[in-house]
Amino acid sequence: MIVTIANQKGGVGKTTTVVNLATALASIDKKVLVLDMDPQYNSSMSFNAYNPKFSIYRVFSNEVDVNTAIKKSQIPNLDIISSCEDLAAAEYELADDENRNFLLKNHISNIKRNYDYVFIDTPPTLGLLTISSLTASDEILIPVQCEFFALEGLSKLIKTIDAIKSNLNTNLKLNGIILTMYDKRNSLSSLIESEAREYFETNVYKFNVPRNVTLSEAPSHGLPAIIYDLKCSGSQAYIALAKEFLERSTSQSG
Ligand SMILES: Nc1ncnc2c1ncn2[C@@H]1O[C@H](COP(=O)(O)OP(=O)(O)O)[C@@H](O)[C@H]1O
Ligand SMILES: [Mg+2]
């Protein structure tokens, strides 16, 4: 199953969610691939796996076969395709290619069967990189930061998903919404939470991700937080979310 993690807002926890959810699932013996589609390559760096010569951009430009671009990470069961800065240019370079929205889908359709889960990390835009990720995906997972205006951006994202469903990928499903950087001492967090739960109902994951400094420190060590410090509140939250993710994906596919 291919899951894109998207939200056109930056800094909401997309990369942190990809990295830790993927690691949590790999640690319970799921075969996982992380595909970094963000030209800022933060998830590649978080796994210490930045590899511009074998990036997804080189696959798009037909310099590298997708199977060659797949590299093992230092986490067992977890492979990664790196991103690189040049990927930002793909938007312009492919502007005249009528098939551009399906390019990623065509490249990864054959590798999908080798994995239980493929997680695609995306940039903070609703341009080609995010749209082609959603076109290639079975599900979308949306991290939402517990802050003011968080829900406003969400309605635009939901409209984009609907447009993709009618034009590019009729099978795309919403896996769920994860509330991130939840601060229980801040009343705004609980306000955003109750609004999100009222409006999006059971689409919102039961567990929130707390604001936790270890989650932000782990990438500088080139390690996912749940490897760097399993006991911290952020790691524990992502382990709980991984269980909920499994429940949601089996109940939806079955
Ligand atoms: N739950 C959290 N608590 C504290 N810091 C977090 C949390 N989630 C993410 N961060 C930090 O916030 C910043 C943005 O998160 P990131 O996952 O990179 O967001 P995005 O990929 O949406 O831009 C990063 O520095 C990250 O380490
Ligand atoms: Mg990111």
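This write-up is about the structure you can find in this document. All values reported here derive from a predicted model rather than from experimental measurement.

**A few points about the overall build of the chain**
- A tally of helices and strands in the chain yields twelve helices and seven strands.
- The C-alpha radius of gyration computed for the chain amounts to 17 Å, which stays within 12% of the reference 18 Å derived for 254 residues, consistent with globular compactness.
- For the C-alpha atoms alone, the extent of the chain along its principal axes is close to 50 × 40 × 35 Å.
- The long-range share in the chain, meaning contacts at least 24 apart out of those at least 6 apart in sequence, stands at 79%.

**Quick notes on the nonpolar core**
- Formed by 32 residues in total, the largest nonpolar core has its most connected members in Leu25, Phe47, Leu78, Phe119, Leu141 and Phe245.
- Listing elements by their share of this core, those giving two or more residues are strand S1 (2-5), helix H1 (14-26), strand S2 (32-36), strand S4 (78-81), strand S5 (117-121), helix H11 (225-228) and helix H12 (233-253).
- Residues in contact with Phe245, not counting those within four places in the same chain, are Met1, Val3, Leu21, Leu25, Tyr117, Phe119, Leu141, Asn175 and Tyr205.
- Judged by nonpolar contacts, the second largest core, of 27 residues, contains Ile56, Ala69, Ile70 and Cys84.

**What to know about the pattern of salt bridges**
- Across all of its chains, the model carries seven salt bridges by this definition.
- Arg58 serves as the salt-bridge partner of Glu63, at 3.5 Å between the closest nitrogen and oxygen.
- The salt bridge involving Arg185 is made with Asp183; its shortest N-O contact spans 3.4 Å.
- Look at Asp183 and you get buried, because its relative accessible area is 16%.
- Within this structure, Arg58, Glu63 and Asp86 form a network of salt bridges that share partners.

**What about the site of ligand 1?**
- As a structural note, the neighbourhood of ligand 1 is formed by 14 residues, with Gly11, Thr15, Thr16, Pro210 and Asn212 the closest of them.
- Taking Thr15, its main chain carries an N or O atom lying 2.9 Å from an oxygen atom of ligand 1.
- One of the side-chain nitrogen or oxygen atoms of Thr16 is found 2.6 Å away from an oxygen atom of ligand 1.
- Of the residues forming the shell around ligand 1, the biggest block, three residues, is contributed by H1.

**What to know about the packing of aromatic side chains**
- Within this structure, the stated rule accounts for six aromatic pairs.
- Centroid distance Phe119 to Phe245: 5.4 Å. Interplanar angle 50 degrees. Geometry classified as tilted. Placement of Phe119 in strand S5 and of Phe245 in helix H12 is noted, with a sequence separation of 126 residues between them. In this pair, the class of Phe119 matches that of Phe245, namely buried.
- One aromatic cluster in this structure is built from Tyr117, Phe119 and Phe245.

**Some words on the sheet that holds strand S6 (residues 139-145)**
- With mixed pairing, the seven strands of this open sheet are ordered in space as S3-S4-S2-S5-S1-S6-S7. At either end of the open sheet lies a strand with only one pairing partner, and these are strand S3 (71-72) and strand S7 (173-180).
- Across seven bridges, S6 lies against S7 in parallel orientation. Note on S7: the bridge partner recorded for Glu139 is Lys173.
- On top of the sheet, H1 reaches S1, S2, S4, S5, S6 and S7; it is set at about 165 degrees to S5, its chief contact.
- Sheet strands in contact with helix H8 (residues 150-167) are S6 and S7, and its direction is about 165 degrees off that of S6.

What counts and what doesn't
- Residues numbered from 1 in each chain as written.
- Chains lettered and ligands numbered in written order.
- Predicted model: local features only at pLDDT ≥ 70, side-chain atom pairs only at ≥ 80, totals over all residues.
- Heavy atoms only, no water.
- Helix = DSSP H or I, 4+ residues; strand = E, 2+ residues; numbered from the N terminus.
- Rg over C-alpha atoms; globule rule 2.2 N^0.38 Å.
- Contact = heavy atoms within 4.5 Å.
- Core = buried A, V, L, I, M, F, W, Y, C linked by side-chain atoms within 4.5 Å.
- Buried < 20%, exposed > 50% of the residue type's maximum accessible area, 1.4 Å probe, protein only.
- Salt bridge = Lys/Arg side-chain N within 4 Å of Asp/Glu carboxyl O.
- Near = heavy atom within 4 Å.
- Polar contact = N/O pair within 3.5 Å; in protein donor to acceptor, adjacent residues only side chain to side chain.
- Phe/Tyr/Trp six-rings, centres within 6.5 Å; stacked < 30°, edge-to-face > 60°.
- Pairing = 2+ DSSP bridges.
- Axes fitted to C-alpha atoms, helices over the stretch in contact; angles between N-to-C directions.

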